[in-house]
Amino acid sequence: MVLNKDTAKKTAELLLQINAIKLKPENPFTWASGWNSPIYCDNRIILSYPVIRNYVREEMAKQVEKLYGKPDVIAGVATGAIGIGMLVAEYLGLPFIYVRPEPKSHGRQNQIEGQLEPNQNVVVIEDLISTGKSSLNAVDALKEAGANVKGMVAIFTYGFDVAAENFDKKHIQLHTLSDYENLIQQASETNYIKEDQMNTLLEWKSNPSVWKK
């Protein structure tokens, strides 16, 4: 869910500006899942642009406080959200931890890195939501460690129905700075894409797992 329309449009504009999000309807990308996609998102690029990085940090921090007050801990999902999660924690003056996809195979075999005490209130920071599985895997690890997960704030979501279903099943609240709908609207209004490209992007969104160019 997007909290603020102006923030959603501004975030989309910035992500397009630095090519953190690329739109190529005529020459689709292939995701690791095997899906063909006219869009590719790599929000880690944000970290290389201080002004944009600070904007995203502050907007995410504001949403955390508005939705949850101040939690005890901010948790980033490895690896994409470690950087931005740490920046949000720093802005709020809170401890930071991060969650690996799975426990390490050596040493202490940690899945959660950093100090987490049982029953602490945690807000999870994520960079990108597709199906939500990896994000919710981090939530499961935190709950197993005794954390009280208040919710998740992410930079961007594709807005897939399957993601909404996955979050509903886990009873986890998700809010994002921007989403696919606002991205396409912003791209159209700024002539980043043409009408026929927009039609392709909307067609893909309706059934992304089987879409072909």
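Residues numbered from 1 in each chain as written. Predicted model: local features only at pLDDT ≥ 70, side-chain atom pairs only at ≥ 80, totals over all residues. Heavy atoms only, no water.

**Overview of helix 4 (residues 133-144)**
What counts, and what does not: A helix here means a DSSP run of H or I that spans at least four residues, while a strand means a run of E at least two residues long, and both kinds are numbered starting from the N terminus. Here, expected helix span is obtained from the residue count minus one, scaled by 1.5 Å. Only protein chains enter the calculation, and the probe is 1.4 Å; a residue is then buried if its accessible area is under 20% of its type maximum, exposed if over 50%, and partly exposed in between. Residues count as neighbours in contact if any of their non-hydrogen atoms are within 4.5 Å of one another.
The first and last C-alpha atoms of helix 4 sit 16 Å apart over 12 residues, in line with the 16 Å expected at 1.5 Å per residue. Taken residue by residue, helix 4 has S135, L136, A138, V139, A141 and L142 as its buried positions. In this structure, the buried residues of helix 4 make contact with strand 5 (73-77), strand 6 (96-99), strand 7 (112-113), strand 8 (121-129), strand 9 (148-157) and helix 5 (161-170).

**What about the pairing of strand 9?**
Every other side chain in a regular strand lies on the same face of the sheet, so the side chains alternate between the two faces. Here is the rule we go by: A crossover gets the label right-handed when its path from the first strand over the helix to the second runs clockwise, viewed with the strands pointing away from the viewer. By this definition, two strands are paired if DSSP reports at least two bridges between them.
Across the 10 residues that make up strand 9, a large majority, eight, are buried. Note that the unit made of strand 8, helix 4 and strand 9 has a crossover that is right-handed. Here strand 9 runs beside strand 10 (residues 174-179); their pairing, made up of five bridges, is parallel. Residue pairing in the sheet places F156 in a bridge with S178 of strand 10. With helix 5 bridging strand 9 and the parallel strand 10, this β-α-β connection has right-handed handedness.

**A closer look at the packing of aromatic side chains**
Rule in force here: Any pair of Phe, Tyr and Trp rings, taking the six-membered ring for Trp, is counted once the centres come within 6.5 Å. Such a pair is stacked with planes under 30 degrees apart, edge-to-face with planes over 60 apart, and tilted for the rest.
Applying the stated rule across the entire model yields 11 aromatic pairs. Judged by centre distance (5.8 Å) and plane angle (20°), the rings of W31 and W35 are stacked. Residue W31 shares its accessibility class with W35, and that shared class is buried. The interplanar angle of 90° and the centroid separation of 5.7 Å between the aromatic rings of F156 and Y158 together place this pair among those described as edge-to-face. A relative accessible area of 0% places F156 in the buried class. Through pairs of rings, three or more aromatic residues link up here, namely W31, W35, F156, Y158, F160, Y180 and W204.

**Points about the packing of helix 1 (residues 5-17) against helix 2 (residues 50-68)**
Definition in use: To get an axis, a line is fitted to the C-alpha atoms, and for a helix only the part in contact is used. The angle between two axes follows their N-to-C directions and goes from 0 to 180 degrees. Angle categories: roughly parallel below 35 degrees, roughly antiparallel above 145, roughly perpendicular from 65 to 115, and oblique for all the rest. With the far helix as reference, a near helix turned anticlockwise by less than a right angle produces a left-handed crossing, and one turned clockwise produces a right-handed crossing. Each residue receives one of three labels: charged for Asp, Glu, Lys and Arg, nonpolar for Ala, Val, Leu, Ile, Met, Phe, Trp, Tyr, Cys and Pro, and polar for the others, Gly being one of them.
Two elements in contact, helix 1 and helix 2, have axes whose closest approach is 11 Å; the angle formed by their N-to-C orientations is 150°. In terms of axis orientation, helix 1 runs roughly antiparallel to helix 2. For helix 1 against helix 2, the interelement crossing comes out left-handed. Taking contact as the criterion, the partners of T7, K10, T11, L14 and Q17 in helix 1 are, on helix 2, I52, Y55 and E59. Split by residue class, the contact of helix 1 with helix 2 holds three nonpolar, three polar and two charged.

**Some remarks on unusual backbone geometry**
A cis amide bond links A78 with the next residue in sequence, T79, at an omega value of -5°. Locating T79 in the fold gives a position in the loop between strand 5 and helix 3 (82-92). One non-glycine residue, N19, lies in the positive phi region at around 65°. Along the polypeptide, N19 turns up in the loop between helix 1 and strand 1 (21-23).

**A few points about the nonpolar core**
What counts here: Within this scheme, the nonpolar core is defined by two criteria: the residues are buried Ala, Val, Leu, Ile, Met, Phe, Trp, Tyr or Cys, and they are joined through side-chain atoms within 4.5 Å.
Core analysis: the largest hydrophobic core is formed by 66 residues, its most contacted members being I74, L142 and L183. If we skip the residues at most four places from it in the chain, L142 touches A75, I97, V99, I112, L116, V122, V124, A147 and V149.

**Thoughts on the packing of helix 2 against helix 3**
Packing of helix 2 against helix 3 brings their axes to within 9 Å, and their N-to-C directions diverge by 65°. The interaxial crossing formed by helix 2 with helix 3 has right-handed handedness. Between helix 2 and helix 3, the contacting residues are R53, V56, R57, E58, M60, A61, V64 and E65 on the first element and I84, L87, V88, Y91 and L92 on the second. Residue composition of the contact of helix 2 with helix 3, grouped by class: nine nonpolar, no polar and four charged.

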